[in-house]
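Per-entry structural report
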Amino acid sequence: MALLELRNVSKIYHLGGEEIRALDGVSLDIGGGEFVSIIGPSGSGKSTLMHILGCLDTPSHGTVTLDGTEVQRATPRELAHMRNRKIGFVFQFFNLLPKLNVVQNVELPMIYAGVSGRERRKRAEHALELVEMSHRLKNRPSQLSGGQQQRVAIARALVNDPKIVFADEPTGNLDTHTGEIILALFRKLSQEGRTIIIVTHNPEIAAVTPRRIEIRNGKIAEKVDERLAGLDRLAAKAGSLAPAA
Amino acid sequence: MIFVNSIVVGLKEIWAHKSRSFLTMLGIILGVTSLVGMSAIIKGMENGMKEAMIAMGGVDKVLVRTQPVPAWQDHLADSAPGRTLTDVMALQNSAPLIRLVSPEMALDDVMISRGEKRTEPSECVGAWPAVLEMNLHTLAHGRFFNEIDEAEARPVCVIGTGIRDELFGRPDEIGKEIIPLGETIMIENQPFVIVGMFQEYMGEQEAKERIRQKELRDKQEQAGPKRSRGWGRRGGWAFWRKNMTVYIPLNTAWVRFRSGGTAGSGIPDPRLTDMDIKVADFSRLEEALQQARNVLLLTHQGIEDFSFETQENQIENINKQIKNARLSGGIIAGISLLVGGIGIMNIMLASINERVREIGICKAVGATSANIFIQILIESAVIALIGGLMGLVVSELFVDLLGALTPSANSPVITRNAELVAVAFSVAVGVLAGILPAIKAASFSPIEALRYE
């Protein structure tokens, strides 16, 4: 059984009497340890897909099974629980809490998981070590560069040891070089066996992942877009960065 | 765990918006100050009233008053005897439920002098030794009158310290305490020998103040000008009045001042100016008064020219006044606290609107709606609690200021209870005020909240 199973999933919004199908009959399996990118232009429904995969939202129709649990039947409380224990999020705008310092930001998911103070501290420091941010524990997010903030955000996503890490345009707000470092970090995490799903509109990013899922008009495209072909060169380049990171 | 963390985050939130939080708290601070201040003032009033009550003779003292004869006895008005020594004797012999009878014969507008110095006592009264117990006097120096003084109508007197202060000098002005036993003073130009002096009566508040000043004086060793505040009227009217008492034997008052008749009339006036009684058993007050009434009706040949005035009525009055003051004070303070609560609600609503995104992040990393709800509620309660504690400090200062402005027996007293109630009430207000914003914050959908700019 796959880690994530979508069967005939639709998401329908009603805007002023008009029916908008953000997702239309999507079926999808993602197995444990996969490194996947979900690509598509803005408005294609990829964000909606990620929200549903990430337990932030529930589908209008169809079934979503995450690690054996049926998401569409879960209460908001159970969804929060799943987000807390099974999923880690990395966002385009980092989304660190400005009033907390680095360690406190990383500790946040564990607070909601009810982890004791000492254990929290230990695990947070360990996660920050993984992303090479151990030297800035007491800094506020505003005192860090974008790349550093994103690394803290990744540490936060990893700290509850989730089954899946979602990254929504993780490099969208970073310069190319920093973006490549972050991508290399994801690559490394993937090699360590984590399931990572990157959502992006940028084919160059998607090229880094072995598996690509393209969304167009709320449906999964049969074949990956032509434009993505010939990007192996970029993938190779990203790959060559990996040992450096 | 989440609870402690919520408090920490709440404190950070308050610290991040210092001036805004302070202005929000101001409502609570004022509310708590008015609640604590109000109750302190009322407590001071209560203390003052009760002390005055005791200074005037305690609760079991009953005044026998004269009153106009009732309408159906109007034709007998001329034979109304008034209160006389006959009544006193009758009560002593025939009313066993009456423990103590104290007749008084007061002299009006008396001038007391010694050399150049002169003063008017609050009362100059011919009395029996029973007056000591009746008016709760304590003799500090010398003796009170004995049977011989009474029988021979001797010119002796017992004075309060206020009279001593006026005629011989205040201890804190002349540096030593004079005990004028054996000295002669003139009462209405007749020489009287002082045989006794009462202790100095003062309120609790004044006694403390006195000790403080004494310590201060000991330190300064009389440096600087002598302190004189007012006209010996410190410590409230009731104490001043008690300290300005002059007693002479009843018979002396009669023989030397009254038997010649009051000014102009030339007719001797044997009527007493006051007749106070104390009952043997306070729980049988009604019965005792009935008995006294029966005896007095006999001596007055059925003419009802007297009535009883118990201090019970007065205590009831005091309690009623205090209750009313508490109620109105409580309502005013409660309203201001409520207004403070509305301020908190307002600021919490503004605060969560600013933090929609943060709330979205918390939800994305696993916060449940309940977590968010409790977080906001705690923040709101923490603001109110800090405001409440600051309010206690402010009220302390406020009451000190009031006390400094009115150095009397009625200076306000802060009670622990009032403080507890005020803080508890402000926290309750904070929690109530937080409910609406907390519901709002908890109901954000994580996606919407994350998208919010």
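In the block above lies the structure referred to throughout.
For the structure given in this document, a descriptive report is provided here. As the structure is a prediction and not an experimental result, all values here were calculated from the model.

**As for the packing of helix H3 (residues 102-113) of chain A against helix H4 (residues 117-130) of chain A**
All names here are of chain A. Between H3 and H4, the least distance of the axes is 9 Å, while the angle of their chain directions is 120°. The angle between H3 and H4 falls in the class oblique. Once H3 is placed against H4, the crossing between them reads as right-handed. Two secondary-structure elements touch here, H3 through Val102, Val103, Val106, Glu107, Met110 and Ile111 and H4 through Arg120, Arg121, Arg123, Ala124, Ala127 and Leu128. When its residues are assigned to classes, the contact of H3 with H4 shows eight nonpolar, no polar and four charged.

**Here we look at the nonpolar core**
Within the largest apolar cluster, 73 residues are counted, with the highest numbers of intra-cluster contacts made by Leu4(A), Leu6(A), Leu49(A) and Phe166(A). A per-element tally of this core places helix H14 (residues 369-405) of chain B first, with eight residues. In contact with Leu49(A), other than residues within four places in its own chain, are Leu6(A), Leu23(A), Val26(A), Leu28(A), Ile38(A) and Ile215(A). Val62(B), Ala95(B), Cys124(B) and Trp128(B) belong to the second-largest nonpolar core, a separate cluster that totals 43 residues.

**Digging into helix H15 (residues 416-442) of chain B**
With 27 residues, H15(B) ought to run about 39 Å at 1.5 Å a step, and its terminal C-alpha atoms sit 37 Å apart, in line with that. Residue Ile435(B) marks the point of greatest curvature in H15(B), where the axis turns by about 35°; the proline Pro437(B) follows within four residues.

**Observations concerning the sheet that holds strand E1 (residues 4-15) of chain A**
Residues and elements named next belong to chain A. In space, the four strands of this open sheet follow the order E2-E1-E4-E5, with antiparallel pairing throughout. The open sheet has two edge strands with one neighbour each: strand E2 (18-30) and strand E5 (69-70). Here nine bridges tie E1 to E2, and the two strands are oriented antiparallel to one another. Bridge pairing in E2 links valine 9 to valine 26. Strands in contact with helix H1 (residues 46-53) are E1, E2 and strand E4 (61-66); relative to E1, the strand with the most contacts, it is inclined by about 120°.

Rules used in this analysis
- Residues numbered from 1 in each chain as written.
- Chains lettered and ligands numbered in written order.
- Predicted model: local features only at pLDDT ≥ 70, side-chain atom pairs only at ≥ 80, totals over all residues.
- Heavy atoms only, no water.
- Axes fitted to C-alpha atoms, helices over the stretch in contact; angles between N-to-C directions.
- Helix = DSSP H or I, 4+ residues; strand = E, 2+ residues; numbered from the N terminus.
- Parallel < 35°, antiparallel > 145°, perpendicular 65-115°, else oblique.
- Left-handed = near helix turned anticlockwise from the far one by under 90°.
- Contact = heavy atoms within 4.5 Å.
- Nonpolar A, V, L, I, M, F, W, Y, C, P; charged D, E, K, R; others polar.
- Core = buried A, V, L, I, M, F, W, Y, C linked by side-chain atoms within 4.5 Å.
- Buried < 20%, exposed > 50% of the residue type's maximum accessible area, 1.4 Å probe, protein only.
- Expected span 1.5 Å × (residues − 1).
- Bend = angle between axes of the 7 residues up to and from the residue.
- Pairing = 2+ DSSP bridges.

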